[in-house]
Amino acid sequence: MSVTETEVVRMRGGAVGYGDRPVIRDIDFSLHTGEVVVLLGPNGSGKTTLVRGILGLAPLISGELALFGVPAASFHERYRLGYVPQRHTVVGGVPSTVREVVSSGRLSRKRPFAWMKAPDREVVSQAIETVGLAERADTSVAQLSGGQQRRVLIARALAAEPDVLVMDEPTAGVDAANQEILAATLRQLVANGSTLLLVAHELGPLEPLIGRVVVMRDGHAVYDGPPVPGGEGVYHAPAHHHLDDQRPDPHDLGLSGQLP
């Protein structure tokens, strides 16, 4: 499979699922260095399954997948793909501070049982500062709001110094004020050259950051292109259409560009 120098993800004819049952089928998807791409679509459309397939958390049943030019089966530098899951998994049974949680993200860069050194601690502090929580670094995460906990998860992913940051529903369950703070954090990452792959139901405050939209429906990618300038950036699934019957007009989706 030919891969360009800037392609960090390349899937061709991909089917991803669980067991031998595909959830998404015939997916062609690429992500290039410096892009900010959002996967849109209703629940069950295959957005998260596509992300899980890219991350190696769900099996590639058929097709081809390359990461940074390397076939996924032979790719071992998983720290290069930072992942922020949808659910708030930051609070556990053992009380932990923001710094302790973020430090755990550094482990993927360390040999087993290796001690954290000064450069590692500096990376952790920088990640915490990037998400605007420097003053809460020694606070228990259990005392933080949902939006602040989302930022802790982002910082934990950033602590591994990934080349790509993948975020599943970054604004889900987050109030409007914290959504704006999250958007500001991501703007800073984009300004610094980060490559972002986001999963969302709607763009909201993230809309100005997005350069490309991929709309998923019924396990297929039905649109791949830019958002409509000045559009709402919201995707509503048509109630009656099926892929075999009719492909949607991009303007009906609040999007513009060419369908594949």
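See the structure shown above.
Cut-off values and rules
- Residues numbered from 1 in each chain as written.
- Predicted model: local features only at pLDDT ≥ 70, side-chain atom pairs only at ≥ 80, totals over all residues.
- Heavy atoms only, no water.
- Core = buried A, V, L, I, M, F, W, Y, C linked by side-chain atoms within 4.5 Å.
- Buried < 20%, exposed > 50% of the residue type's maximum accessible area, 1.4 Å probe, protein only.
- Helix = DSSP H or I, 4+ residues; strand = E, 2+ residues; numbered from the N terminus.
- Contact = heavy atoms within 4.5 Å.
- Salt bridge = Lys/Arg side-chain N within 4 Å of Asp/Glu carboxyl O.
- Pairing = 2+ DSSP bridges.
- Axes fitted to C-alpha atoms, helices over the stretch in contact; angles between N-to-C directions.
- Right-handed = clockwise from strand over helix to strand, strands pointing away.

Undergrad: Residues and numbers for the nonpolar core, please.
TA: Formed by 40 residues in total, the largest nonpolar core has its most connected members in Val38, Val102, Val152, Ile154 and Leu165. For this core, the leading source of residues is helix α4 (residues 146-158), giving 6 residues. In this structure Val38 touches Leu198, Ala200, Leu203, Ile210, Arg212, Val213 and Val214, once residues within four positions along its chain are discounted. Phe75, Val164, Val199 and Val214 belong to the second largest nonpolar core, which has 27 residues in total.

Undergrad: Residues and numbers for the pattern of salt bridges, please.
TA: Throughout the structure, instances matching the rule amount to 8 salt bridges. Among the ionic pairs, Glu35 bridges to Arg212, the shortest N-O distance being 2.9 Å. You can see Glu35 sitting in the loop between β2 (21-32) and β3 (36-40) and its partner Arg212 sitting in strand β9 (residues 212-217), a full 177 residues away along the chain. On the basis of relative accessible area, Glu35 is assigned to the partly exposed category, the value being 21%. In this structure Arg212 comes out as buried when scored by relative accessible area, which is 12%. Of the charged contacts in the structure, one is a salt bridge between Arg212 and Asp224, with a shortest N-O distance of 2.7 Å. With Arg212 in strand β9 and Asp224 in strand β10 (residues 220-225), this pair connects stretches of sequence that are 12 residues apart.

Undergrad: I'd like to hear about the sheet that holds strand β8 (residues 195-200), residue by residue, with values.
TA: Read from one edge of the open sheet, 6 strands run β6-β7-β8-β3-β9-β10, paired in mixed fashion. Single-partner strands in this sheet number two, and they are β6 (81-84) and β10. When strand polarity is set aside, the average angle formed by the axes of neighbouring strands in this sheet is 15°. Alignment of β9 against β10, held across 5 bridges, turns out to be antiparallel. Within β10, the residue paired with Val215 across the bridge is Tyr223. Across the sheet, helix α1 (residues 47-55) touches β3, β6, β7 (164-168), β8 and β9, and the angle it forms with β8 is around 145°.

Undergrad: Give a description of the pairing of β8 that names residues and reports values.
TA: The buried fraction of β8 amounts to 6 of the 6 residues, a majority that puts the element mostly inside the structure. Across 5 bridges, β7 lies against β8 in parallel orientation. Bridged to Val164 within β8 is Thr195. Each parallel crossover has a hand, and for β7 linked through helix α5 (residues 176-191) to β8 it is right-handed.

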